[in-house]
Amino acid sequence: MTTTKAMVFHEIGGPEVLKFEDVELAPPGPGEVQIRHAAVGLNFLDVYYRTGAYKAPHLPFITGREAAGTVTAVGSAVTDFAIGDRVAYANSDGAYSAERNIDPSVLVKVPDEISLETAAAMMLKGMTAQYLLNQTFKVGPQTVLLFHAAAGGVGLIAGQWAKALGATVIGTAGSDEKVRLALQHGYDHVINYSTENFLEGVREITGGRGVDVVYDSIGRDTFPQSLDCLKPRGMFVAFGQSSGAIENFSLGMLAQRGSLFATRPSLFTYIATPPELRACANALFDVVRSNKVRININQTYPLREAGRAHTDLETRKTTGTTLLIP
Ligand SMILES: NC(=O)c1ccc[n+]([C@@H]2O[C@H](COP(=O)([O-])OP(=O)(O)OC[C@H]3O[C@@H](n4cnc5c(N)ncnc54)[C@H](OP(=O)(O)O)[C@@H]3O)[C@@H](O)[C@H]2O)c1
């Protein structure tokens, strides 16, 4: 048994509950792999666990789902990975740590051309963009879509990817600086929804027709206006709740607005099996290697300052992706 460092919370609460502590690290079990993290990805999901919006499975808890690093030891029953492999993952709690043991079924090997930092920054957010645009709703050249929080981690990747698929891409962002950034990353139109009514903006841009699909990760603050942005039989994809959970949703709201569809998807059901994970990750690696999507690592913090990173994410100070370095 050795010790390593991790950000742990013993109770739910503000960013101050995150504590940088020594934690024990056992040798990997027969079916496990041990990794040393090069970088850890920051996600809104980590905030949901810390605040209790999503229930942590146990306390104390090490949050974080996304990281990349190097394999340092393998259990006796592991055949797919070897010491020295460069790996990344987006679906295993406990990423806010310097080293850890992990179930290899959640790992993918990182291609040589992609740095571990880029992998840590993009696995969760990039695979989310992948399934949202290619599976939840099949985006193509005919598609007109609205993507909220266009300058955020998922948003900057999704804008570039949707443009590569040929869509007309409308975004929203909370400041003029973010609007400019989104316009450089695939968005054809970006509405500053802090100063403008985004519903009116979408109606104007689409000549009153509405969009085919709305990707909404804001939740409470953009509901139900996001539904009103859709054309009849359009698709409402509610994939997050950065401003709080949607309340008072009823199926009748879909009927009143013209036979709408609605889904509340999660990446983790789209990458639940190793073949699904590999297909999703490979699509992401391809689009990044072809330079159709660039990954913007716009903030980097030491892992021990994850609390400060959470504050910046929650107060809308970040753009693009954010890394925590152990
Ligand atoms: N379901 C899934 O599979 C899945 C997977 C990954 C991420 N997500 C969701 O996708 C969203 C984006 O995740 P991310 O990690 O890339 O974060 P992010 O977009 O980089 O950050 C969240 C952004 O939301 C906007 N926002 C609007 N109202 C807000 C409020 N009251 N508080 C905080 N932010 C607010 C802010 O941008 P503006 O200032 O421009 O408004 C902020 O920068 C999150 O809701 C996350 O939960 C879902």
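Keep in mind that what you see is a predicted model, and the values were worked out from it rather than measured.

## Some remarks on the site of the ligand
Inspection of the region around the ligand gives 28 residues, with Tyr 48, Tyr 131, Lys 178, Tyr 193 and Leu 267 positioned closest. In this structure, an oxygen atom belonging to the ligand sits 2.6 Å away from a side-chain N or O atom of Lys 178. Within the side chain of Arg 316, a nitrogen or oxygen atom sits 2.8 Å from an oxygen atom of the ligand. The protein chains hide 92% of the 890 Å² of surface that the ligand would expose on its own. Contributing elements (two or more residues each) for the shell around the ligand: α1 (44-51), α2 (116-136), α3 (153-164) and α10 (306-314). With three residues, the top contributor of residues to the shell around the ligand is α2. Among the residues making up the shell around the ligand, the classes are represented as 13 nonpolar, eleven polar and four charged. When we break the shell around the ligand down by domain, the ones giving at least three residues each are domain 1 (2-122 + 276-325) and domain 2 (141-264).

## Examining the domain arrangement of the chain
Per the domain assignment, the segments making up the chain are domain 1 (2-122 + 276-325) and domain 2 (141-264). For domain 1 and domain 2, the distance between their C-alpha centres works out to 28 Å. Of the residues lining the interface, 18 residues belong to domain 1; the matching set on domain 2 comes to 19 residues. Here domain 1 packs against domain 2, burying approximately 1,400 Å² in sum over the two surfaces, 55% of which is carbon and sulfur. Three residues, Tyr 48, Arg 294 and Arg 316, lead the burial of domain 1 against domain 2; their summed loss comes to 29% of the area buried on that side. Where the side of domain 1 that touches domain 2 is concerned, the elements lending two or more residues are α1 and α9 (274-289). It is α9 that contributes the most residues to the side of domain 1 that touches domain 2, three residues altogether. Counted by class, the side of domain 1 that touches domain 2 contains nine nonpolar, six polar and three charged residues.

## So, the pattern of salt bridges
Taken as a whole and assessed by the stated rule, the structure comprises eleven salt bridges. Residue Lys 125 pairs with Glu 66 through a salt bridge whose shortest N-O separation is 2.8 Å. Within this pair, whereas Lys 125 is found in helix α2, its partner Glu 66 is found in the loop between α1 and β4 (67-74), the two being separated by 59 residues in sequence. One exposure class covers both Lys 125 and Glu 66, and it is buried. Taking the shortest distance from any N to any O, the salt bridge between Arg 289 and Glu 113 comes out at 3.6 Å. Residue Arg 289 is found in helix α9, and its partner Glu 113 is found in the loop between β7 (108-109) and α2; the two are separated by 176 residues along the sequence. When its relative accessible area of 55% is taken as the criterion, Glu 113 is described as exposed.

## With respect to the packing of α1 against α10
Packing of α1 against α10 leaves a shortest axis separation of 10 Å and a crossing angle of 105 degrees. Relative to α10, the element α1 lies roughly perpendicular. For the pair formed by α1 and α10, the contact residues are Phe 44, Asp 46, Val 47, Arg 50 and Thr 51 on the first element and His 310, Leu 313 and Glu 314 on the second. A per-class count over the contact of α1 with α10 returns three nonpolar, two polar and three charged.

## With respect to the side chain of Arg 50
Tracing the backbone shows Arg 50 in helix α1. Here Arg 50 falls in the buried class, since its relative accessible area comes to 2%. Apart from the residues within four sequence positions on either side, Arg 50 is in contact with Phe 9, Ile 12, Gly 13, Gly 14, Pro 15, Val 17, Leu 18, His 310 and Glu 314.

## Some remarks on the sheet that holds strand β10 (residues 189-192)
Overall, parallel pairing links the six strands, which are arranged β10-β9-β8-β11-β12-β13 in an open sheet. The sheet is open, and its two edges are formed by β10 and β13 (261-263), each paired on a single side. Averaged over all pairs of adjacent strands, the angle between their axes in this sheet comes to 15 degrees, without regard to strand direction. The pairing of strand β8 (residues 144-147) with strand β9 (residues 168-173) spans four bridges and is classified as parallel. Across the sheet, Leu 145 pairs through a bridge with Val 169, a residue of β9. Those strands touched by α2 are β8, β11 (211-216), β12 (230-238) and β13, and its axis lies near 150 degrees from that of β12. The strands that helix α5 (residues 198-205) touches are β8, β9, β10 and β11; relative to β10, the one it contacts most, it runs at about 155 degrees.

What counts, and where the lines are drawn
- Residues numbered from 1 in each chain as written.
- Predicted model: local features only at pLDDT ≥ 70, side-chain atom pairs only at ≥ 80, totals over all residues.
- Heavy atoms only, no water.
- Near = heavy atom within 4 Å.
- Polar contact = N/O pair within 3.5 Å; in protein donor to acceptor, adjacent residues only side chain to side chain.
- Areas by Shrake-Rupley, 256 points an atom, 1.4 Å probe, with all protein chains shown as cover.
- Helix = DSSP H or I, 4+ residues; strand = E, 2+ residues; numbered from the N terminus.
- Nonpolar A, V, L, I, M, F, W, Y, C, P; charged D, E, K, R; others polar.
- Domains from an automatic or database assignment.
- Contact = heavy atoms within 4.5 Å.
- Buried area = accessible area lost by both parts, 1.4 Å probe.
- Salt bridge = Lys/Arg side-chain N within 4 Å of Asp/Glu carboxyl O.
- Buried < 20%, exposed > 50% of the residue type's maximum accessible area, 1.4 Å probe, protein only.
- Axes fitted to C-alpha atoms, helices over the stretch in contact; angles between N-to-C directions.
- Parallel < 35°, antiparallel > 145°, perpendicular 65-115°, else oblique.
- Pairing = 2+ DSSP bridges.

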